[in-house]
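Take a look at the letters that make up each chain.
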Amino acid sequence: MQHSVIHSDKKSFEPRIRGSKKMLKQGLQSVALATLFLTPFSAYAERIFVSNEKDNTISVIDAQSLEVIETIEVGRRPRAMAFSSDGSELFVAVGDDEAIDMIDLETLKVVRSQSSGEDPEVIRTDPNKPYIYVSNEDDNIVSVLDYEKRTHVDQIPVGVEPEGLGISPDGKWLIATTETSNMAHIIDAEKREAVYHRLVGARPRHAEFTPDGKEAWVSAEIAATVSVIDMQESFDVEHTIRFDVPGVPRETVQAVGITMTSDGRYAFVALGPSNRVAVIDQQSYEVLDYILVGQRVWHLALSADESRLYTTNGVSGDVTVIDVDGLEAIKSVPVGRFPWGVVVEP
Amino acid sequence: MSLLPYLHCMSGVVGRELLRFVHQRSRFVAALVRPLVWLFVFAAGFRMALGVAMTEPYQTYILYEVYIVPGLVGMIQLFNGMQSSLSMVYDREMGSMRVLLVSPFPRWFLLVCKLLAGTFVSIVQVYVFLLIAYIYGIQAPLLGYVLVLPALIVTGFMVGALGLLLSTFVRQLENFAGIMNFVIFPMFFLSSALYPLWRIREGSYLIYQIAALNPFTYAVEMIRFALYEQLNIEAVLITLAATCVLLGLAILGYNPARGMSARKGGAGE
């Protein structure tokens with residue numbers, strides 16, 4: 001269901017005491033990594049797309065060389081991105097142009113643009129229908145666009161200043177977070193109506209469903225928390241994950257982007273100006289580690305095989321690549337100014 | 001003279017230094033405590049200091065405690081080199097070095113043996129320190145721990161040669177303490193051991209220029225790059241050149257006919 005993902009999670013690393021077992025494991029991983037790099041046909045034959053909010057461009061990174069191979073000019077203030085369901089196009093929310101730019105993935109050119117309503121920030125694509133859901137921050141609505149017919153399907157009223165959007169793997173549920181109301185609005189996608197409203201942490205930024213669709217995780221920037229919502233019975237917040245990065249001022253810890261591995265092992269949460277990505281056990285909700293990345297880490301994406309996590313670092317203008325098995329940052333790749341979102345080609 | 005006596009002499013000098021090191025456990029502990037205090041206490045307070053920029057040869061962002069490790073490796077070798085020179089002053093005064101220096105072996109050979117012995121001891125200390133750092137979580141690529149060995153040998157020779165050169169100016173241990181303060185600490189602090197050159201430059205251009213002229217800076221960078229599987233050719237060449245110059249001057253200094261010891265009236269006085 002990666003086609004509907006706007007940004008994915010990663011994790012960060014920070015030196016700490018590890019046992020000899022870990023040392024052996026890392027040694028074997030080094031050998032495995034070296035083998036991979038030496039293999040002519042790499043497992044990383046994919047492209048990573050990064051939206052540069054201040055440059056009005058999309059950087060395309062080759063996952064094998066980890067170098068920017070193309071820079072695509074788009075509209076003003078590009079932020080969230082999502083792929084069409086057939087994987088042939090990349091949609092980019094260009095906030096200051098109030099539109100969704102659509103990039104042909106063959107030619108890497110903007111081939112068309114669709115009006116989106118005011119200030120689109122986050123977008124998601126429906127796994128079953130040719131719909132794009134758009135959070136219109138200034139209008140307090142979620143717009144529903146049909147990207148095949150190029151029509152405006154509907155508007156769903158939510159709370160004040162909607163931002164984060166999450167869609168369940170089966171496409172049944174949509175969650176919109178509103179940063180002034182501090183709420184997660186659970187929308188029945190079929191009825192296109194918000195049916196539950198749940199209070200979460202201050203300034204919720206992002207919503208992400210677990211791969212099995214049983215939970216939705218909502219990050220809160222100011223509260224520095226992730227609220228875990230049960231999506232089967234109660235539709236209530238069942239658990240709250242808190243972050244405390246050692247040696248880092250509390251106010252710089254701001255939970256933003258979330259992504260999860262499909263095997264139910266890890267969840268990764270970008271912690272903004274603390275320059276860390278939190279690694280969380282998806283089952284126990286325990287924070288396992290904090291990985292150091294670039295400045296003001298905002299959104300995350302996993303590679304197709306989930307062996308790597310990519311993070312956008314807004315202030316330092318780069319993307320940090322994290323080895324998921326080793327939970328270690330391995331490289332940072334400079335991109336444009338203020339990279340915001342990141343997606344990996346399906 | 002055949003090669004065998006030379007090897008015998010070399011093994012004797014190196015063995016003596018190793019024995020001395022093994023028997024002086026407090027010296028071993030002290031040599032490790034110093035960098036470990038810097039790592040666990042000093043670096044812990046500044047761990048966020050470098051999280052805001054990338055510095056070669058690192059491929060991504062690092063904590064300060066990761067940055068400081070190669071500098072502390074250099075510190076171990078610097079102090080060990082000086083300590084080895086300190087032992088030269090002691091040996092000379094107590095007579096054991098006088099015995100060595102009047103042997104039929106050329107003095108340059110004896111001095112190189114002495115350097116080799118000191119370097120070997122410092123490398124043992126460095127690897128113990130790197131192992132502790134690894135367990136603490138500061139982990140370089142595994143191959144880096146092999147690649148750093150040549151860099152450690154060159155650095156050991158460079159700081160050892162500097163120590164030998166200084167020892168030719170010193171007639172008593174009391175004088176040597178002053179040179180420690182005026183040589184070791186400036187050499188360490190005015191280098192890239194604690195902060196990258198770009199950051200020093202932001203603070204003071206003058207100190208940056210001094211640090212850029214300090215051969216210890218290049219030794220630390222050579223170690224840093226090698227530990228992360230990279231070759232910094234500039235650092236290697238400058239460190240090698242400094243080693244040759246310092247070793248040449250030290251050999252000259254120990255020449256009884258032309259050296260400083262002759263001016264002072266003999267090495268054994």
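Coordinates for the structure precede this section.
None of these values were measured; they are calculated from a predicted model.

Enquirer: Explain the overall build of chain B to me, please; I cannot follow it from the model alone.
Expert: Scanning chain B for helices and strands turns up 12 helices and 0 strands. For chain B, the sequential pattern of α-helices and β-strands runs α-α-α-α-α-α-α-α-α-α-α-α.

Enquirer: How should helix H11 (residues 233-253) of chain B be read in this particular structure?
Expert: Along an α-helix, residues three or four positions apart point the same way, because every turn accommodates 3.6 residues. Here H11 of chain B spans 30 Å end to end across 21 residues, near enough to the 30 Å set by a 1.5 Å rise per residue. For H11 of chain B, the set of buried residues is Ala235, Ile238, Thr239, Ala242, Thr243, Leu246, Leu247, Ala250, Ile251 and Gly253 of chain B.

Enquirer: Quick question: what am I supposed to make of the packing of helix H2 (residues 25-45) of chain B against helix H5 (residues 107-136) of chain B here?
Expert: A pair of packed helices can be characterised by two numbers: the angle between their axes and the separation between those axes. Residues and elements named next belong to chain B. Remark: H2 packs on H5, axes separated minimally by 10 Å, with the N-to-C direction vectors making an angle of 35°. As for how H2 packs across H5, the hand of that crossing is right-handed. Across the interface between the two elements, Ala31, Leu32, Pro35, Leu36 and Leu39 of H2 pack against Gln125, Val128, Phe129, Ile132 and Ala133 of H5.

Enquirer: Is there a simple way to explain the sheet that holds strand S25 (residues 308-313) of chain A in this structure?
Expert: Sheet strands pair by backbone hydrogen bonding; their relative direction is either parallel or antiparallel. Residues and elements named next belong to chain A. What the 4 strands build is an open sheet, ordered S24-S25-S26-S27; its pairing is antiparallel. Edge positions in the sheet fall to strand S24 (297-302) and strand S27 (328-334), since each of these pairs with one other strand and no more. Direction aside, the axes of adjacent strands within the sheet are offset by 25° on average. Judged from the 6 bridges that link them, strand S26 (residues 318-323) and S27 form a sheet pairing that is antiparallel. Bridge assignment links Thr320 to a residue of S27, and that residue is Ser332.

Enquirer: Help me understand the sheet that holds strand S6 (residues 99-104) of chain A in this model?
Expert: All names here are of chain A. Overall, antiparallel pairing links the 4 strands, which are arranged S4-S5-S6-S7 in an open sheet. Sheet topology places strand S4 (78-83) and strand S7 (109-115) at the edges, where each strand pairs with a single neighbour. Strand after strand, the sheet turns through a mean of 25° between neighbouring axes, direction not considered. With 6 bridges connecting them, strand S5 (residues 89-94) and S6 associate as antiparallel partners. Bridge pairing in S6 links Phe91 to Met102.

Cut-offs used in this document
Residues numbered from 1 in each chain as written. Chains lettered and ligands numbered in written order. Predicted model: local features only at pLDDT ≥ 70, side-chain atom pairs only at ≥ 80, totals over all residues. Helix = DSSP H or I, 4+ residues; strand = E, 2+ residues; numbered from the N terminus. Expected span 1.5 Å × (residues − 1). Buried ≥ 20, exposed ≤ 12 C-beta atoms within 10 Å, placed from the backbone. Axes fitted to C-alpha atoms, helices over the stretch in contact; angles between N-to-C directions. Left-handed = near helix turned anticlockwise from the far one by under 90°. Contact = placed C-beta atoms within 7 Å. Pairing = 2+ DSSP bridges.

That's the geometry; what it means functionally is another story.
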